[in-house]
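One letter stands for each residue in the lines below.
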Amino acid sequence: MCGIFGYVGSRTASPILLEGLRTLEYRGYDSAGIFIPGNAPIKAVGPIDNLAKKIESPLSGTSGIAHTRWATHGAPTEVNAHPHTDMSGSLAIVHNGIIENFRQLKEGLKAQGISFESETDSEVLAKLIGTLYKGDLLEAVRSALAMVRGTYGLVVIANNQPGTIVTARMGSPIVLGLASDGNLVSSDPSALLAHTKDVIYLEDGEYAVVTKDFYQIMTLKGQKRDKKPETVEWDVEEVQKQGYEHFMLKEIFEAPEVIKNTIRGRLLVDKGRAKLGGLEPVLDQLTSLNRLVIVGCGSAYYAGEVGRYILEEYAGLPVDVELGSEYRYKRNLPDKNSAVLAVTQSGETADTLASLRSAKEQNLLTLGIVNAVGSTIARETDAGVYNHAGPEVAVASTKAFISQLTVFVLLTLLIGREKGMTQEEGEEIAAGLEKLPEILEKYLKDTKAIEVVAKKYANYRDAMFIGRKFHTPIAYEGSLKLKEVTYIHAEAYAGGELKHGSIAMLDENFPLVAIVPKDDVYEKMISNIEEVRARKAPVLAIGTEGDADLEKVADDVLHIPKVHPILQPVVTTVPMQLLAYYIGIEKGLNVDRPRNLAKSVTVE
Ligand code: M6R
């Protein structure tokens, strides 16, 4: 949420900062701005292109800071855009997070004669640092942050010390990049890849002073920290479109590769088992748990719901699934022998992180299924599994969701085989999973039918999604995808729930998307479709290849390959994602950057 970038080195800074912002744009795109010491800040509302147009020739200066904003306090206007400066314009900051006591601080500063231009909490922080700055930037930042309550990923630079950047972290990620021609600061390692793979993640409560060829990390109390750089595994190509028109399409088409990467070295097909190195230290605990509590937000939560269905059905493990934004605030009454598993692509989602920390306070085992290596949640869990899905750039999660479902299949195998799943069943699942990338590769060769259907359904204002059992969460995920990238009002229900109220909304203008593969609840789903047809609602069914009966009850059918039931949700997800994508395109929308959203939700 909000992208931060800073550079101090030997090259002209403004093109480097703009390029960094382009990579970070998915974190927020309400407005953007840069500050190069010796110049006034330059800001623009909307995408980075608007800012770039204002900087036709590079500004002089070899250091600077930049920001792309997802608005929290104050409308997305130029005046509210970062960087924010102090009263005299002698220093500037970019900030990600929320200063909770900004109103009190603002009143105090106003009483000292300080005036404000914007409605933002971040400007208060800039002014506060400005009043405390007497030549030692680190000291000013440290004193200001001691007065602040809230979260921050902060980068500060001053006109009279252009070769020094001060950065601090509390709740919002900050990562340093160490390059041969200078050093960088970013909210996300993906923006550093064009310069370096050597990075250092700051922890909460840490500060860093960064110059062209030096960095020093310290704690809030001023203790020096000796941190060694880590190497980012991702390549710069992975954060580029590689010939696809949009990141979302590229990432959907990456599904086969993502599954291969997720299962690589983790599947023992002839033994019908899975091996998850990251969970090995806690294996005994894991296989004797009374209950697993899965926590996530958005798509990650729905992946957790699929996890619940399959872990209970095939591994006999009782599972609860909780929204991060609820779990953290409610009274949890955990069994001592339970564990909390955070599912998260970014590894930075504030509510998921807070839930994890609250589980830790209760001395529960904490686990993670995390895509972003080195992220806060990855570092704070006791043990976990990396997705290896590669960086996900489109705001709507697609390939990470596929990978999360895949990890849940691996986890089900791992735990299931210790809890009574037969070798035969294990082998069947493992063999099916091994073959899945090939099946999806073939499926993705021809997506014309989805494009055609998308054109037809793009004209509706509403849509209802249903599924049963494993496909109930896929219905929810399908409706979320549609809402996110097409702004069509969409709802989702378990198939059997419609007649308990929501069917009242359906008519010829309110279509149904039914996920109805040939499984043990197929007949029940057909009955639900019939009930809907009786209300004249158009029906689009996602069903199994060769299921001719479906054509008799649905107006349109999208066929999917039949796989082992535990894997079927992975396959039904793909046409859901493509449907949303193609409808978004049909409506001429920016599918990679839907309005009002940001990729990584680091505020609460
Ligand atoms: O990074 P996380 O997986 O923790 O993110 C969770 C949600 O914010 C995320 O899945 C969100 O719902 C996406 N926009 C879904 O497409």
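Higher on the page you've got the structure.
Figured I'd write up the structure that's included with this text.

Scoring rules and cut-offs
- Residues numbered from 1 in each chain as written.
- Predicted model: local features only at pLDDT ≥ 70, side-chain atom pairs only at ≥ 80, totals over all residues.
- Heavy atoms only, no water.
- Helix = DSSP H or I, 4+ residues; strand = E, 2+ residues; numbered from the N terminus.
- Expected span 1.5 Å × (residues − 1).
- Buried < 20%, exposed > 50% of the residue type's maximum accessible area, 1.4 Å probe, protein only.
- Arc of directions from axis to C-beta.
- Contact = heavy atoms within 4.5 Å.
- Axes fitted to C-alpha atoms, helices over the stretch in contact; angles between N-to-C directions.
- Parallel < 35°, antiparallel > 145°, perpendicular 65-115°, else oblique.
- Left-handed = near helix turned anticlockwise from the far one by under 90°.
- Nonpolar A, V, L, I, M, F, W, Y, C, P; charged D, E, K, R; others polar.
- Polar contact = N/O pair within 3.5 Å; in protein donor to acceptor, adjacent residues only side chain to side chain.
- Phe/Tyr/Trp six-rings, centres within 6.5 Å; stacked < 30°, edge-to-face > 60°.
- Lys NZ or Arg CZ within 6 Å of the ring centre and 35° of its normal.
- Pairing = 2+ DSSP bridges.
- Core = buried A, V, L, I, M, F, W, Y, C linked by side-chain atoms within 4.5 Å.
- Patch = residues over 30% accessible without salt bridge, like charges linked within 9 Å, V, L, I, M, F, W, Y side chains within 5 Å.
- Areas by Shrake-Rupley, 256 points an atom, 1.4 Å probe, with all protein chains shown as cover.
- Salt bridge = Lys/Arg side-chain N within 4 Å of Asp/Glu carboxyl O.
- Lys, Arg positive; Asp, Glu negative; His and termini not counted.
- Charge placed at Lys NZ, Arg CZ, Asp CG, Glu CD.
- Near = heavy atom within 4 Å.

## Some thoughts on helix 17 (residues 522-533)
Along its 12 residues, helix 17 runs 16 Å from first to last C-alpha, staying within 8% of the 16 Å computed at 1.5 Å per residue. Residues Y522, M525, I526, N528, I529 and V532 constitute the buried set of helix 17. Burial along helix 17 is one-sided: seen end-on, the buried residues are contained in an arc of 160 degrees. Facing away from the buried side of helix 17, by more than 90 degrees, are the exposed residues E523 and K524. In this structure, the buried side of helix 17 is in contact with strand 23 (462-467), strand 25 (512-516), strand 26 (539-544) and helix 18 (549-553).

## Structural notes on the packing of helix 7 (residues 255-263) against helix 14 (residues 423-443)
In the contact formed by helix 7 and helix 14, the axes pass within 8 Å of each other and the chain directions differ by 165 degrees. Classified by the interaxial angle, the pair formed by helix 7 and helix 14 is roughly antiparallel. Viewed along their axes, helix 7 and helix 14 form a crossing whose handedness is left-handed. Of the residues in helix 14, those in contact with A255, P256, I259, K260 and I263 of helix 7 are L433, E434, L436, P437, L440 and E441. Of the residues assigned to the contact of helix 7 with helix 14, the class counts are eight nonpolar, no polar and three charged.

## Some thoughts on the side chain of T573
Counting through the fold element by element, T573 comes out in helix 19 (residues 568-586). Beyond its immediate chain neighbours, meaning those up to four positions away, T573 contacts F401, I402, L405 and I474.

## Observations regarding the environment of Y487
Here Y487 shows up in the loop between helix 16 (472-486) and strand 24 (489-494). When its relative accessible area of 27% is taken as the criterion, Y487 is described as partly exposed. Between the alpha carbons of Y487 and R461 there is a distance of 8.6 Å; along the sequence they are 26 residues apart. Residue contacts for Y487: discarding those within four places in its chain leaves L482, L589, P594 and R595. A polar atom in the side chain of Y487 sits 2.7 Å from the backbone nitrogen of R595.

## Quick look at the packing of aromatic side chains
Inspection of every chain in the model, using the stated rule, returns seven aromatic pairs. Between Y581 and Y582, the aromatic rings sit 5.3 Å apart at their centres with planes inclined by 70 degrees, giving edge-to-face as the arrangement. Comparing Y581 with Y582, the two get one shared label, buried. Every member of this aromatic cluster is reached through a ring pair, and the members are Y301, Y302 and Y476. Taking the ring centre of F116 as reference, the NZ or CZ of K106 above it sits at 5.2 Å. One residue, R308, lies across the ring of Y309, its end atom 5.2 Å from the ring centre.

## Regarding the pairing of strand 22 (residues 383-386)
Burial along strand 22 is one-sided: A383 and V385 are buried, while G384 and Y386, pointing the other way, are not. Relative to strand 22, strand 21 (residues 365-370) runs parallel, the two sharing four bridges. Across the sheet, the residue bridging to I369 is V385, located in strand 22.

## Quick look at the pairing of strand 12 (residues 206-211)
Burial within strand 12 is extensive, with six of its six residues counted as buried. Residues E206, A208 and V210 of strand 12 are buried on one face, and the alternating residues Y207, V209 and T211, pointing to the opposite face, are buried as well. Strand direction decides the pairing type here: strand 8 (residues 161-170) and strand 12, joined by five bridges, are antiparallel. Note that in strand 12 the partner of V166 across the bridge is V209. In this sheet, strand 13 (residues 214-219) lies alongside strand 12 in antiparallel orientation, the contact comprising six bridges. When the bridges of strand 13 are listed, E206 appears paired with T219.

## Some remarks on the nonpolar core
The nonpolar side chains of soluble globular proteins are, as a tendency, buried together. Formed by 98 residues in total, the largest nonpolar core has its most connected members in L279, L292, L311, L367 and L411. For this core, the leading source of residues is helix 13 (residues 399-418), giving 11 residues.

## Focus: the sheet that holds strand 8
Within the open sheet, the seven strands sit side by side as 5-6-7-8-12-13-14. Their pairing is antiparallel. Of all the strands in the sheet, the pair left with one neighbour each is strand 5 (84-85) and strand 14 (224-225). Contacts from helix 5 (residues 137-146) reach strand 6 (91-96), strand 7 (152-158), strand 8, strand 12 and strand 13, with the element oriented near 145 degrees to strand 7.

## Things to note about a negative patch on the surface
There is a patch of like negative charges on the surface, built from D270, E424, E427 and E428. The topology assignment puts E424 in helix 14. The exposure class assigned to E424 is exposed, which follows from its relative accessible area of 62%.

## So, the site of the ligand
Surveying the vicinity of the ligand reveals 14 residues, the closest of which are T344, Q345, S346, T349 and E484. Within the backbone of S299, one N or O atom sits 3.1 Å away from an oxygen atom of the ligand. T344 places a polar side-chain atom, nitrogen or oxygen, 2.7 Å from an oxygen atom of the ligand. Protein contact buries 91% of the 410 Å² of open area that the ligand shows by itself. Elements supplying a minimum of two residues to the shell around the ligand: helix 9 (298-315) and helix 16. Counting residues per element, the shell around the ligand draws most heavily on helix 9, which supplies three residues. Of the residues belonging to the shell around the ligand, the class tally is five nonpolar, seven polar and two charged.

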